[in-house]
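Close look at the chain arrangement
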Amino acid sequence: MRGRWLFVVFLLFPFVASAQEPLTYRLHYAASGDPLVHVSLTVPGGQAGPLTLIVPRNLPGGYGWRPYDGFIEHVQAFSAAGVALEVQRASGGPRWSAGNAGERVARVEYDVNIAQMEREILDAVDSSRVRAAYASLLGYSVFAYPEGLEEKPIRLRIEGPANWPVFTTLNPRLPADLGATTADAPNYYTLADSQILMGPDLQLRRLDGRVPLFLAVYAETAEDLDEEGKLAREALDRVSDYFKESPLPHYTVHVELLRPVSDRHSYFFSQEHVDSGSFSLGNSRAISRSSTPEERETNRFNYAHHIAHSWVPKQVYGTGYLPFLWEIPPLIDTIWFNEGFGRYAAIAALASTLPQADAEKYRRGKLDDLRQALDHMPKTLRKMSLVDLSRAGSFIYTDDFRVAQILFGRGALMAAEMDDRIRARTQGKKSFRDAFASMLEWSRTNHRGFRIEELPGIISGGTGVDVGDILKRWLEPTEP
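Each chain carries its own residue numbering, running from 1 in the direction its sequence is written. This being a predicted model, a pLDDT of at least 70 is required before a residue's local features are given, and a value of 80 or more before pairs of side-chain atoms are given or counted; all residues contribute to the totals for chains, interfaces and linings. As a convention, hydrogens and water are excluded, and side-chain values are obtained from all of the structure's heavy atoms.

Remarks on a nonpolar patch on the surface
- The grouping of Leu-331, Phe-395 and Ile-396 at the surface amounts to a nonpolar patch, some 260 Å² of accessible area in total.
- Strands are runs of DSSP state E lasting at least 2 residues, helices are runs of H or I lasting at least 4, and numbering of each runs from the N terminus. Within the element layout of this structure, Ile-396 appears in helix α10 (residues 386-396). Excluding any residue in a salt bridge, patches collect residues exceeding 30% relative accessible area, merging like charges within 9 Å and nonpolar Val, Leu, Ile, Met, Phe, Trp and Tyr side chains within 5 Å. Surface accessibility follows the Shrake-Rupley procedure with a 1.4 Å probe radius. Residue values consider only the protein chains on display as shielding. By salt bridge we mean one thing: a side-chain nitrogen of Lys or Arg within 4 Å of a carboxyl oxygen of Asp or Glu.

As for the packing of aromatic side chains
- Pairing of aromatic rings covers Phe, Tyr and Trp, the last counted by its six-membered ring, and requires centre-to-centre distances within 6.5 Å; plane angles under 30 degrees mean stacked, over 60 mean edge-to-face, and any other angle means tilted. For the structure shown, the criterion picks out 28 aromatic pairs.
- Seen in terms of ring centroids, Phe-268 and Phe-269 are 5.2 Å apart; in terms of plane orientation they differ by 85°. Their pairing is edge-to-face.
- The buried category is assigned to Phe-269, whose relative accessible area is 14%.
- Ring centres of Tyr-344 and Phe-432 lie 6.0 Å apart, and the angle between their planes is 80°; on these two criteria the pair is classed as edge-to-face. With Tyr-344 in helix α7 (residues 335-351) and Phe-432 in helix α12 (residues 432-446), this residue pair connects regions lying 88 residues apart in the sequence.
- Since its relative accessible area comes to 0%, Tyr-344 is described here as buried.
- Positioned above the aromatic ring of Trp-96 is the side chain of Arg-89, whose terminal nitrogen or guanidinium carbon lies 4.2 Å from the ring centre.
- As a reminder, the over-ring test applies to NZ of lysine and CZ of arginine, requiring each to be within 6 Å of the ring centre and within 35 degrees of the ring normal. Above the plane of the ring of Phe-408 lies Arg-343, whose end atom (NZ or CZ) is 3.9 Å from the centre. Each residue is assigned to one of three classes by its accessible area relative to the maximum for its type, calculated with a 1.4 Å probe on protein chains only: buried under 20%, partly exposed between the two thresholds, exposed over 50%.

Some remarks on the sheet that holds strand β20 (residues 271-272)
- Read across the sheet, five strands follow the order β17-β18-β19-β21-β20 without closing on themselves; strand pairing throughout is mixed. Here the strands that pair on one side only, and so sit at the sheet edges, are β17 (203-207) and β20.
- With seven bridges connecting them, strand β18 (residues 213-219) and strand β19 (residues 251-258) associate as parallel partners. Bridging across to β19, Ala-219 finds its partner in Leu-257. Any two strands between which DSSP finds at least two bridges are classified as paired.

Observations concerning the nonpolar core
- Ranked by size, the top nonpolar core spans 141 residues in total, and within it Tyr-25, Phe-143, Phe-243, Trp-336, Phe-341, Phe-432 and Met-439 carry the most contacts.
- To form a nonpolar core, buried Ala, Val, Leu, Ile, Met, Phe, Trp, Tyr and Cys residues must be joined to one another through side-chain atoms within 4.5 Å. By size, the runner-up hydrophobic cluster in this structure holds ten residues, among which are Ala-124, Tyr-134, Leu-197 and Ala-216.

So, the pattern of salt bridges
- One pass over the structure, following the stated rule, counts 42 salt bridges.
- Arg-155 is the partner of Asp-184 in a salt bridge, and the nearest nitrogen-oxygen pair spans 2.5 Å. Taken together, the residues span a long stretch of sequence, with Asp-184 in strand β15 (residues 180-185) and Arg-155 in strand β12 (residues 154-159) at a distance of 29 residues.
- The class of Arg-155 is partly exposed, set by a relative accessible area of 42%.
- Here Arg-473 makes a salt bridge to Glu-417, at a shortest N to O gap of 2.6 Å. With Arg-473 in helix α14 (residues 468-475) and Glu-417 in helix α11 (residues 401-425), the pair connects residues that are 56 residues apart, well separated along the chain.
- Using a relative accessible area of 43% as the deciding quantity, one classes Arg-473 as partly exposed.
- Taking the relative accessible area as the measure of exposure, Glu-417 reaches 24% and is therefore partly exposed.

As for the environment of Glu-118
- Tracing the backbone shows Glu-118 in helix α2 (residues 114-120).
- On the accessibility criterion, Glu-118 (8% relative accessible area) is buried.
- Each C-alpha atom, one on Glu-118 and one on Ser-280, is 12 Å from the other, the two residues being 162 residues apart in sequence.
- Any two residues whose heavy atoms approach within 4.5 Å are treated as being in contact. Residues in contact with Glu-118, not counting those within four places in the same chain, are Ser-127, Ser-128, Arg-129, Arg-131, Val-261 and His-265.

What to know about empty space enclosed by the protein
- Buriedness for pockets is judged along seven lines, at least five of which must meet protein on both sides within 12 Å for an open set on the 1 Å grid over protein atoms alone, while cavities are sets there where a 1.4 Å probe fits but cannot get out, and lining residues have an atom within 4 Å of a point. Grid points are joined across faces, edges and corners, and a volume is the space filled by probe spheres set on the points. If you walk through the whole model with that rule in mind, you get four cavities of 30 Å³ or more.
- Here the largest cavity is characterised by a volume of approximately 60 Å³.
- Lining the largest cavity are Asn-58, Leu-59, Gly-61, Gly-62, Tyr-63, Tyr-321, Phe-324, Pro-329, Pro-330, Ile-332 and Ser-394.
- Ten residue types, Ala, Val, Leu, Ile, Met, Phe, Trp, Tyr, Cys and Pro, are classed as nonpolar, four, Asp, Glu, Lys and Arg, as charged, and the remainder, Gly among them, as polar. Class assignment of the residues belonging to the lining of the largest cavity gives a composition of seven nonpolar, four polar and no charged.

Topic: the pairing of strand β8 (residues 104-113)
- Judged by how many residues are buried, β8 sits mostly within the fold: eight of ten residues are covered.
- Judged from the nine bridges that link them, strand β2 (residues 36-48) and β8 form a sheet pairing that is antiparallel. Bridged to Ser-40 within β8 is Glu-109.
- As defined by bridge partners, strand β4 (residues 72-78) adjoins β8 across five bridges and the pair is classed as antiparallel. Directly across from Ala-77, in β8, lies its bridge partner Val-108.

Describing unusual backbone geometry
- Between Gly-49 and Pro-50 the backbone carries a cis peptide bond, its omega angle lying at 0°.
- Among the secondary structure elements, Pro-50 is positioned in the loop between β2 and β3 (51-54).
- Following Val-312, the chain continues to Pro-313 via a peptide bond in cis, the omega torsion being 15°.
- Summarising the element assignment, Pro-313 is placed in the loop between α6 (293-308) and α7.
- Residues other than glycine seldom take positive phi values, yet His-74 does so here, at roughly 55°.
- One non-glycine residue, His-447, lies in the positive phi region at around 55°.

As for the sheet that holds strand β10 (residues 134-138)
- Within the open sheet, the five strands sit side by side as β9-β10-β16-β13-β14. Their pairing is antiparallel. Each edge of the open sheet is held by one strand with a lone partner, namely β9 (129-131) and β14 (177-178).

Digging into α6
- Multiply 1.5 Å by the residue count of a helix minus one, and that product is the helix's expected span. Here α6 is 16 residues long and its end C-alpha atoms lie 22 Å apart, about the 22 Å a rise of 1.5 Å per residue gives.
- For α6, the complete set of buried residues consists of Glu-297, Asn-299, Arg-300, Phe-301, Asn-302, Tyr-303, Ala-304, His-305, His-306, Ile-307 and Ala-308.
- In this fold, the buried residues of α6 make contact with α5 (225-242), β19, β20, β21 (276-282), α7 and α8 (356-375).

Keep in mind that these numbers describe shape and distance, not what the molecule does.
Right, here's the structure in full:
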């Protein structure tokens, strides 16, 4: 009997071992100026056909539809023996079916047309790009995933032209590896929310601190990396100190200063990621020693705001944000929390090290700017509740900046009013910093998004102050 059980164990062992092996992704960029990148995905032990390959049409915190599947070409599938398997594009969605019943799919390969992507996606921060001596690749724009395997660990190999520096935000290091590098990710979400940068025109710096900062810059104009690095380093220090503890082993600020591809392209938005931020901007945002205090503050606050998103909503969030839907934009009721509370965290963090009078002046100045913007909103938008605006913003946040302004403006002003009450009722012993600490602890304990009606209790748990009436009032339309 013992021998029979040993036989069964040995028989099953290869399948158990393969279940623990990571998915292997290989990304190959062949030559300077090549419009295509090639991606190969290997499934350990293979997967019973048909395997469904899914390409994102949405990105975390992007609040909109991004048709990355439209840039996928030459999809192929193979067995472990290298035999080509049938591949079919599904109708109506970003899916491909690889292999048939009774076959095992071991590898899928495809190309991504990066040049076409940049031409057709008009918001610069949502597109990957290639230049003569530079390539910038957003994970969710190039990496597809096999359905059902999103939580498997991932091993990534990146190959670029010989002697090109190759850098990934998953495993940032300097000096960057030449020609090729490797990295691991715990799951597909982390892989997709990472960036790959390479090329001799990529400028890299490491700025040490409590959280190591990597500054990665590609500039099509003159740019002072020392001055830019000071702003990014200060923003990261202030925000990580404000939240008291950091989930970040490192952070990468990726700056692109770009000449317009066309007059239809936008170089305005930035985008947060798990442990990095993409700042794809126009050349006018370059920093030098002659930059005005206002220009420096614009960049510093932009960094701080997106760094704050590594906590809000990457660590604490409302229902609908996670688990993430890659194929369609999820309907989210709490974008005002993601963007407004995240913005207020940046304001409070940058004010926190100033003398009290200066801190309050800085804080009030930022809040007054938000009030002025809200005062100029049309009545049609002011008549909408914050939840209805958030649902609309789930699809058009970057396409109609008025909706974005209302969501982050009203959310930040709500947080500021809560902060004022908490400070007043605790005689300054507590602040919204304690509310954030309570929210983060709640999220770690419950492993889910909060429901809106739960938020006052979570905040009260860390501050002892009831803010439920403030939340209720700000959720209502501001125009009857």
